[in-house]
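Inside the fold
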Amino acid sequence: MIPTLNVAQCRARGMLAGAFDFEYPPESDLLDIPFVSFKGPAKVHLEYAIAEDDTVEVEGEISFVLEGACSRCLEPTENAVSDRFSGVFVRGEGDGETYGYRNFVIDFGELLRDAALFALPSRVLCEHCGEE
Ligand SMILES: [Zn+2]
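Attention here is on the structure that accompanies the text. (Residues numbered from 1 in each chain as written. Predicted model: local features only at pLDDT ≥ 70, side-chain atom pairs only at ≥ 80, totals over all residues. Heavy atoms only, no water.)

**A closer look at the layout of surface pockets**
Heads up, the rule is: Think of a 1 Å grid over the protein atoms and nothing else: a 1.4 Å probe that fits but is trapped marks a cavity, an open set flanked by protein within 12 Å on at least five of seven lines marks a pocket, and residues with an atom within 4 Å of a point count as lining. Grid points are joined across faces, edges and corners, and a volume is the space filled by probe spheres set on the points. In DSSP terms, a helix is any run of H or I states spanning at least four residues, a strand is any run of E spanning at least two, and both are numbered starting from the N terminus. Note on residue categories: nonpolar means Ala, Val, Leu, Ile, Met, Phe, Trp, Tyr, Cys or Pro, charged means Asp, Glu, Lys or Arg, and polar means any other residue, Gly included.
Considered as a void within the structure, the largest pocket measures approximately 210 Å³ in volume. Lining the largest pocket are 15 residues, with Ser86, Gly87, Tyr99, Leu111 and Asp114 sitting closest to its centre. Elements represented by at least two residues in the lining of the largest pocket include exactly strand E5 (76-91), strand E6 (99-101) and helix H2 (109-119). Its residues assigned to classes, the lining of the largest pocket comprises 5 nonpolar, 5 polar and 5 charged.

**Topic: the sheet that holds strand E2 (residues 17-24)**
Condition: Between any two strands, pairing holds if DSSP finds at least two bridges. Every angle, taken between N-to-C directions, lies between 0 and 180 degrees, and every axis is a line fitted to C-alpha atoms, over only the stretch in contact when it is a helix. Note on definitions: a residue-residue contact is assigned when non-hydrogen atoms from the two residues lie within 4.5 Å.
If you walk across this open sheet you meet the 5 strands as E2-E3-E4-E5-E6, and the pairing is mixed. Two strands lie at the open edges of the sheet, namely E2 and E6, each paired on one side alone. Geometrically, the sheet is characterised by an average inter-axis angle of 25° between neighbouring strands, direction not taken into account. In terms of strand pairing, E5 meets E6 through 3 bridges, oriented parallel. Bridging across to E6, Val90 finds its partner in Gly100. On the sheet, H2 packs against E2, strand E3 (36-50), strand E4 (56-69), E5 and E6 and is oriented at approximately 140° with respect to E5.

And the structure:
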């Protein structure tokens, strides 16, 4: 599951930086490639750092496997996808560049949705078609 980060608790404990490793099921509606689906969970390594003004910088890596039909020849194939991501969380409303959070609790769901979308290729190719 996707963890949440309680900024107030972290501050109280003096834990101003840390990391999470977790898996979660990616939302299938992110996928826009015909005959392709996520195989298993997405894996995430996520690091955070809490600044003096409660701005929280996040960076990490997301990886997942796509399985389905090659976009060119329709043979069954699998593609491993991996990409780095980053984001900045601010108290209150985000402004499009940043993500907002309230009540000292950060939900990484929206960031991960964006990270997965950004990591997704426009098509999936089998070994043979990928070589050309
Ligand atoms: Zn192919």
